[in-house]
Amino acid sequence: IFVIIGGSVMSAQLDPDLLRTFVAIVDAGGFTQAARQVHRTQSAVSMQVRRLEETLDRVLFQRDGRGVQLAPDGEALLGYARRLLKLHDEAVAALTRPDLAGLVRIGTPDDYVDRFLPEILARFARAFPRVQVEVLCETSVNLRRLLAEGRLDLAVLTAGCALSGETGEVLRREPVVWATAERQLAHEQEPLPLALFQSGCVFRDWALASLDGIGRPYRIAYTSASFSSILAAVTAGLAVTALCRSVLPTGVRPLGVEEGFPPLPQTALTLHRGKPISAVAECLAGYICEGFSGDISATHAADRSPLAAS
């Protein structure tokens, strides 16, 4: 494989296992977190990074007292690594499991369906046309229950970034923001009209707690379990809501502290597997992990903070 890094051309054999660990470090936010994802010790992960750096004769991570972060050559490699792994995994899947068949039931909050699932499911269907996928859109609270009852094989859930008690695999972390229509003034009304998901939604809890914390009066004008219904109220200029920044559509903008809105916590999207997990469900889980972590178009400054060294 000819690799262009830092303006020079070199011939190097890029081991997919090393690239997978490199990408896992970036996506998981550090060496320790990545070690859990790739099922290796932290020292083994560090050794793999050294091997990759020696192969390319480039420094991929910059280390300082706060931890590590991507070096310029690491930034350059990241996009190539994602594409190489994507093609590698699809080729292996298509040639080693062409007859994989069955049913996979996956649950997800509906605010991520349009943003992430179409491409993931399309790629999976091309590799495994005999696998049937059923998608159920529900709140994270309901999805946890359905997974525990054995009515789902996989579930994408929303959690706080502290991940207290979480057992799922972290797909991505991203900021939660206040959102309003670009050309409306709902955010200036008193009391503040809100469009929120139903009780049990962590975004709802965060929004209400933050407003209570600054003493701003509000009223819950719209409540729905449907992402499209929440957006309809917001885009019409009838209310303000709290959503992941990556799912904000055209015509909706975030609100910040300069407009009197307190910052909201970051969220983590986690993938949970039912027990027992079938071969077809585990295969789809791999596509989901790659699809969520590989989408970097919504990356923000928080995503580029130093990676934890431990």
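Residues numbered from 1 in each chain as written. Predicted model: local features only at pLDDT ≥ 70, side-chain atom pairs only at ≥ 80, totals over all residues. Heavy atoms only, no water.

### Side note on the overall build of the chain
Put simply, the rule reads: Strands here mean DSSP runs of E at least two residues long; helices mean DSSP runs of H or I at least four residues long; both are numbered from the N terminus. Burial classes follow relative accessibility: with a 1.4 Å probe on protein chains only, a residue under 20% of its type's maximum area counts as buried, one over 50% as exposed, and anything between as partly exposed. We call two residues in contact when some of their heavy atoms are within 4.5 Å. Using a 1.4 Å probe, the Shrake-Rupley method yields the accessible areas, and only the shown protein chains count as cover for residues.
Scanning the chain for helices and strands turns up nine helices and 13 strands. When burial is assessed residue by residue, the chain has 47% of its 310 residues classed as buried. Within the chain, contacts between residues separated by at least 24 positions form 75% of all contacts whose residues are at least 6 apart in sequence. Counting only carbon and sulfur atoms, one obtains 53% of the accessible surface of the chain, whose full area is about 14,800 Å².

### Details of the layout of surface pockets
The condition that has to hold: In this analysis the probe radius is 1.4 Å and the grid spacing 1 Å, with only protein atoms considered; a cavity is a set of points the probe fits into but cannot get out of, a pocket is an open set with protein on both sides within 12 Å along at least five of seven lines, and lining residues have an atom within 4 Å of a point. Grid points are joined across faces, edges and corners, and a volume is the space filled by probe spheres set on the points.
Approximately 930 Å³ is the volume found for the largest pocket. Around the largest pocket, the lining is made up of 35 residues, and of these Arg20, Asp89, Gly286, Cys289 and Glu290 lie nearest the centre. Among the elements that make up the lining of the largest pocket, the one with the highest residue count is helix H9 (residues 279-294) (nine residues).

### Observations concerning helix H8 (residues 227-235)
Test applied: In this description, one arc is meant: the one made by directions from the helix axis to the C-beta atoms.
Here H8 has its buried residues at Phe227, Ile230, Leu231, Ala233 and Val234. On an axial view of H8, the arc spanned by its buried residues comes to 160°, and they lie on one face. Packed against the buried residues of H8 are strand E8 (169-181), strand E9 (192-197), strand E10 (218-224), strand E11 (241-244) and strand E12 (252-255). Remark: glycine 237 follows H8 within two positions and exhibits a positive phi of approximately 80°.

### Some details on the confidence of the model for the chain
Basically, it comes down to this: Scored from 0 to 100, pLDDT reflects the predictor's confidence in each residue.
In the predicted model, the chain carries a mean pLDDT of 84, and the fraction of residues at 70 or more is 86%. Within the model, the stretch residues 295-306 combines pLDDT values under 50 with 18 contacts to residues more than four positions away or in other chains.

### A word on the nonpolar core
The test is simple: Residues belong to a common nonpolar core when they are buried Ala, Val, Leu, Ile, Met, Phe, Trp, Tyr or Cys residues joined through side-chain atoms within 4.5 Å.
The biggest cluster of nonpolar side chains holds 59 residues, and the ones touching the most others in it are Phe128, Leu154, Trp178, Tyr287 and Ile288. If you tally residues by element for this core, the top one is H9, at nine residues. Of all hydrophobic cores here, the second largest spans 25 residues; its members include Val23, Leu52, Phe61 and Ala81.

### Re the environment of alanine 101
Structurally, the position occupied by alanine 101 is in the loop between helix H4 (72-96) and strand E5 (102-108). What makes alanine 101 partly exposed here is its relative accessible area of 35%.

### A look at the packing of helix H1 (residues 16-28) against helix H3 (residues 42-56)
Short version of the rule: To obtain an axis, a line is fitted to C-alpha atoms, over the contacting stretch when the element is a helix, and the angle between two such axes runs from 0 to 180 degrees between their N-to-C directions. Should the near helix be turned anticlockwise from the far one by less than a right angle, the crossing is left-handed, and should it be turned clockwise, the crossing is right-handed.
Running from N to C, H1 and H3 point in directions that differ by 115°, and their axes come no closer than 9 Å. Read as a crossing pair, H1 and H3 show a hand that is left-handed. Across the interface between the two elements, Asp17, Leu18, Leu19, Thr21, Phe22 and Ile25 from H1 touch Val45, Gln48, Val49, Arg51 and Leu52 from H3.

### Quick word on the side chain of threonine 180
By the element assignment, threonine 180 lies in strand E8. Filtering out sequence-adjacent residues up to four positions away, threonine 180 remains in contact with Ala186, His187, Val234, Val240, Gly251, Val252, Arg253 and Leu255.

### Comments concerning the packing of aromatic side chains
For clarity, the cut-off: When two rings of Phe, Tyr or Trp (its six-membered ring) have centres within 6.5 Å they constitute a pair, described as stacked for plane angles under 30 degrees, edge-to-face for angles over 60, and tilted for the intermediate range.
In total, this model carries seven aromatic pairs according to the counting rule given. Ring centres of phenylalanine 22 and phenylalanine 61 lie 5.6 Å apart, and the angle between their planes is 55°; this geometry places the pair in the tilted category. You can see phenylalanine 22 sitting in helix H1 and its partner phenylalanine 61 sitting in strand E3 (residues 61-64), a full 39 residues away along the chain. Across the pair, exposure class does not vary: phenylalanine 22 and phenylalanine 61 are buried alike. Geometrically, the ring pair formed by phenylalanine 31 and phenylalanine 61 is edge-to-face, given 5.7 Å between the ring centres and 65° between the ring planes. Linking phenylalanine 31 in helix H2 (residues 31-38) with phenylalanine 61 in strand E3, this pair joins segments that are 30 residues apart in sequence.

### A look at the pattern of salt bridges
Basically, it comes down to this: Here, a salt bridge means any Lys or Arg side-chain nitrogen found within 4 Å of an Asp or Glu carboxyl oxygen.
Taken as a whole and judged by the stated rule, the model has 14 salt bridges. Here glutamate 149 makes a salt bridge to arginine 151, at a shortest N to O gap of 2.9 Å. For glutamate 149, a relative accessible area of 44% puts it in the partly exposed group. Its relative accessible area of 49% is what places arginine 151 among the partly exposed residues. A salt bridge links glutamate 169 to arginine 273; the nearest nitrogen and oxygen atoms lie 3.3 Å apart. Here arginine 273 lies in strand E13 (residues 266-273) and glutamate 169 lies in strand E8, a separation of 104 residues in the sequence.

### With respect to unusual backbone geometry
Backbone torsion omega between glutamate 190 and proline 191 reads -5°, so that peptide bond is classified as cis. Secondary-structure assignment places proline 191 in the loop between E8 and E9. One non-glycine residue, aspartate 57, lies in positive phi territory at about 55°. Structurally, aspartate 57 can be placed in the loop between H3 and E3. Given a relative accessible area of 60%, aspartate 57 falls into the exposed group.

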